[in-house]
Protein chains: 2
Amino acid sequence: MQVIPIMTDDTYNIYLQRKVLFSDQLLTLISSLAPNRNLIIVTDDNVNRLYAEKLCKHLKKIDKNCKIISFGHGEADKTLNTIEEIAEQLSANNYSRDLCVVGFGGGIATDIAGFIAATFCRGVSLIQIPTTLLAMVDASIGGKNGVNTRYGKNLIGTFYQPKAVIIDITVLQTLDKRALNNGIAEMFKHAAIFSDQYFDFLDENLERILDLDLEVLMTAIIKSCEIKRMIVQEDKYDVGVRNILNYGHTVGHALEMATEHELMHGEAVAYGMIAEAHMAKSLGHLKASDFMRICVAVAKTIHKDFQLTKEMVTICRQYLMNDKKTKNGRPRFVLLERIGKVFVNREEYCGEVPEEIISAALEYIQEERLC
Amino acid sequence: MQVIPIMTDDTYNIYLQRKVLFSDQLLTLISSLAPNRNLIIVTDDNVNRLYAEKLCKHLKKIDKNCKIISFGHGEADKTLNTIEEIAEQLSANNYSRDLCVVGFGGGIATDIAGFIAATFCRGVSLIQIPTTLLAMVDASIGGKNGVNTRYGKNLIGTFYQPKAVIIDITVLQTLDKRALNNGIAEMFKHAAIFSDQYFDFLDENLERILDLDLEVLMTAIIKSCEIKRMIVQEDKYDVGVRNILNYGHTVGHALEMATEHELMHGEAVAYGMIAEAHMAKSLGHLKASDFMRICVAVAKTIHKDFQLTKEMVTICRQYLMNDKKTKNGRPRFVLLERIGKVFVNREEYCGEVPEEIISAALEYIQEERLC
């Protein structure tokens, strides 16, 4: 078993292993991390159909009353309304603080499970078992959770650390290529902000990852987890260096809202990375050759049939104003200096960008036939 | 100015002073604690009508864009729905992380302000300015916040520390006797769990407090803040000794729900303290004479016209099951050993109680003409 420790106030481990999901090892892990806790699996309806019953049956070996609570699997379901419904189901079953929430699914499931664990009875135990590539390398690590409002993504949330993140890469076999690309986009982000070498590795091995070569996948997932670990350890509450993980996300989140989630998160972030690299190039921070490398590599992760319209870009501009990094009513963007390094100005890891440069970047991603 | 420091992970002060609310000192405090932050006053409609415009005008001297967001003042408004509405208003005004929420009002306002500050953009600055006796001595101190669900009080919430709690006791002059008694009940709780002497002080000075003798009030508020400070410093996350602050609250919260908030929080806790003292007496922990002292003193804080019905007590029993301290589906209660000391069993500060003893305690508060 691969173990990656995350050292924040409450140190915890990421455990990676093939076929750990229905193993005795899983039972040992959970019963040692959440002794005598009532277990509840919080999952989305997709994962529920595929695996949750089987996982629940397995977990009943350590908690005979283990139950499943599921909800819709779309971003539109990631709301305070869903949180209230889950909390009420928990109370209806007489659950209280002596609870361990097992977040089981993609990024939406781990976000909702995280928010429920952080707020139900002011906090209960949490174990995350991500089942998508996106959730494995990004959403389930670092303690961020959140729900959307009609003004934007993750505008309500907390920082809340799990007791463990348990990754079984064999479950990736049920994902289609689009869902895999959704995670690969975030892996390119890790590379773009932190490691030129890893960027090349991903670019060269893209086909193997999409073909589910488990060896290559494991290497890449570990690398992404390592990068994310280093960054969140430095800055648990996202007030400094952790900002760099938001590369591509100011534009990305706004595009998700503007396309009403027709774009998946990773795809929107892919567009966002290209747009924000375009801004960095316009500002003279990023070389044109690095910009092109990013464009070519990252565009491969975007769904081929999708067409970004002018109208979407117009709406996107409005949503930029509600980004969490906004300062004095002006949006801020993470700007690259080169592949593997973010431009830092007076210890600020994101910066304001003149209106016309934002416009040019958004025009670029709209007009160019990127994917 | 009286200053009481609370030493948790993020140390902060309680500042107490007469007429601090519209003073230059308030401006100095806020601008030093939340430099360059956009200020937003989160308040209920009652306080809004009385003071909020004036406070907003005053705060505009340090943030010319200072705004007020208000909501209904009842427990029925303390919901995730209100939280969503406030978050959307904040986004509509392009507020983001660079925000300082000023919680202004009674316990409901400080609870909602606390939850908003803890979760909007995953956390912004918070300054609490309580305006009721209850909020001054209890709700605004210790970092707990929460909203209700239909299953119970404060079932969704977080621990989130403010930058400061600022108390101006002169605002208490607008409170009626029932609202004052609502706070006095929680002060009796502090005394009952921690200080026999303070219990006598409160009992002897009850009339003076109700007559708003500011000297006596200040002494009592400081004493209550000191007791709460000592307890929350020991146990920030309410996993041990902090439980004793829940004396009267297992029954109290259930009664609030069962009476649909016809009972104010302090009144419900007063009934709860009598019921839980009755349990402690039945279990042989508490002497009959101490039980009677509690009954006589605490009953004075309950509104005279209120009649607890059999039906309310029946409904109350159901709500007991959803209390946050419930373990394995069984409610737990803080039990006194004597006035000033809680019974502790194997480091547990609250314990299960046999069904028939719970029933006898609830019958007692229903049948006796306490107030």
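Quick note: structure is the one above.
Okay, so let's go over this structure. Predicted, not measured: the structure shown is a model, and the values here were computed from it.

Turning next to the overall build of chain A. A tally of regular secondary structure across chain A gives 13 helices and 11 strands. Taken against the 2.2 N^0.38 rule, which gives 21 Å for 371 residues, the C-alpha radius of gyration of chain A at 20 Å falls within 12% of a compact globule. Once the C-alpha set of chain A is aligned to its principal axes, its extents read approximately 60 × 40 × 40 Å. Taken over 371 residues, chain A has a buried fraction of 65%. Considering only contacts in chain A between residues 6 or more positions apart, those separated by 24 or more positions represent 76%. Summing over all exposed atoms, chain A offers an accessible surface of approximately 13700 Å²; the carbon and sulfur share of this is 46%. Of the charged side chains in chain A, 42 are positive and 48 negative, and the gap between their average positions amounts to 4 Å.

What follows deals with unusual backbone geometry. Residues and elements named next belong to chain A. Backbone geometry at N328 places phi at a positive 50°, although glycine is not the residue there. Along the chain, N328 falls in the loop between α12 (310–320) and β10 (336–338). Exposure remark for N328: the relative accessible area of 58% places this residue in the exposed category.

Let us look at the interface of chain B and chain A. On the chain A side, the residues contacting the 40 residues of chain B number 40 residues. Around 3600 Å² of area is buried between chain B and chain A when both sides are counted, 50% of it from carbon and sulfur atoms. Summed over the three residues of chain B that lose the most area to chain A, namely B:R97, B:R122 and B:K324, the buried surface amounts to 22% of that side. Between the two partners, chain B and chain A, sit four salt bridges. On the surface where chain B and chain A come into contact, there are 18 residue pairs in polar contact (both at pLDDT 80 or more). When residues of the side of chain B that touches chain A are traced back to their parent elements, those giving at least two are α3 (80–92), α4 (107–119), β7 (147–149) and β8 (152–156) of chain B. Element by element, the count of residues in the side of chain B that touches chain A is highest for α3(B), at seven residues. The residue makeup of the side of chain B that touches chain A, split by class, is 13 nonpolar, 15 polar and 12 charged.

So, on to the packing of aromatic side chains. Residue and element names in this part refer to chain A. Counted under the stated rule, the structure contains 10 aromatic pairs over all chains. A cation over an aromatic ring shows up here: K54 above the ring of F22, its NZ or CZ 4.1 Å from the ring centre. Sitting above the plane of the F291 ring, K281 keeps its charged end 5.0 Å from the centroid.

Right, let's talk about the sheet that holds strand β2 (residues 12–16) of chain A for a bit. Residue and element names in this part refer to chain A. On the basis of which strands lie adjacent, the open sheet formed by seven strands has the order β1-β2-β9-β6-β5-β3-β4 and mixed pairing. Each edge of the open sheet is held by one strand with a lone partner, namely β1 (2–6) and β4 (67–71). If you compare each strand with its neighbour and ignore which way they point, the axes differ by 20° on average. Sheet analysis places strand β5 (residues 99–105) next to strand β6 (residues 125–130), joined by six bridges and oriented parallel. Following the sheet pairing, C100 is matched in β6 by S125. The sheet contacts of helix α1 (residues 24–33) involve β2, β3 (38–44), β6 and β9 (164–167), and relative to β9 the element is tilted by about 170°. Contacts between helix α2 (residues 45–59) and the sheet are confined to β3, β4, β5 and β6, with β3 contributing the most and set at about 165° to the helix.

Reading the values: rules and limits
Residues numbered from 1 in each chain as written. Chains lettered and ligands numbered in written order. Predicted model: local features only at pLDDT ≥ 70, side-chain atom pairs only at ≥ 80, totals over all residues. Heavy atoms only, no water. Helix = DSSP H or I, 4+ residues; strand = E, 2+ residues; numbered from the N terminus. Rg over C-alpha atoms; globule rule 2.2 N^0.38 Å. Buried < 20%, exposed > 50% of the residue type's maximum accessible area, 1.4 Å probe, protein only. Contact = heavy atoms within 4.5 Å. Areas by Shrake-Rupley, 256 points an atom, 1.4 Å probe, with all protein chains shown as cover. Lys, Arg positive; Asp, Glu negative; His and termini not counted. Charge placed at Lys NZ, Arg CZ, Asp CG, Glu CD. Buried area = accessible area lost by both parts, 1.4 Å probe. Salt bridge = Lys/Arg side-chain N within 4 Å of Asp/Glu carboxyl O. Polar contact = N/O pair within 3.5 Å; in protein donor to acceptor, adjacent residues only side chain to side chain. Nonpolar A, V, L, I, M, F, W, Y, C, P; charged D, E, K, R; others polar. Phe/Tyr/Trp six-rings, centres within 6.5 Å; stacked < 30°, edge-to-face > 60°. Lys NZ or Arg CZ within 6 Å of the ring centre and 35° of its normal. Pairing = 2+ DSSP bridges. Axes fitted to C-alpha atoms, helices over the stretch in contact; angles between N-to-C directions.

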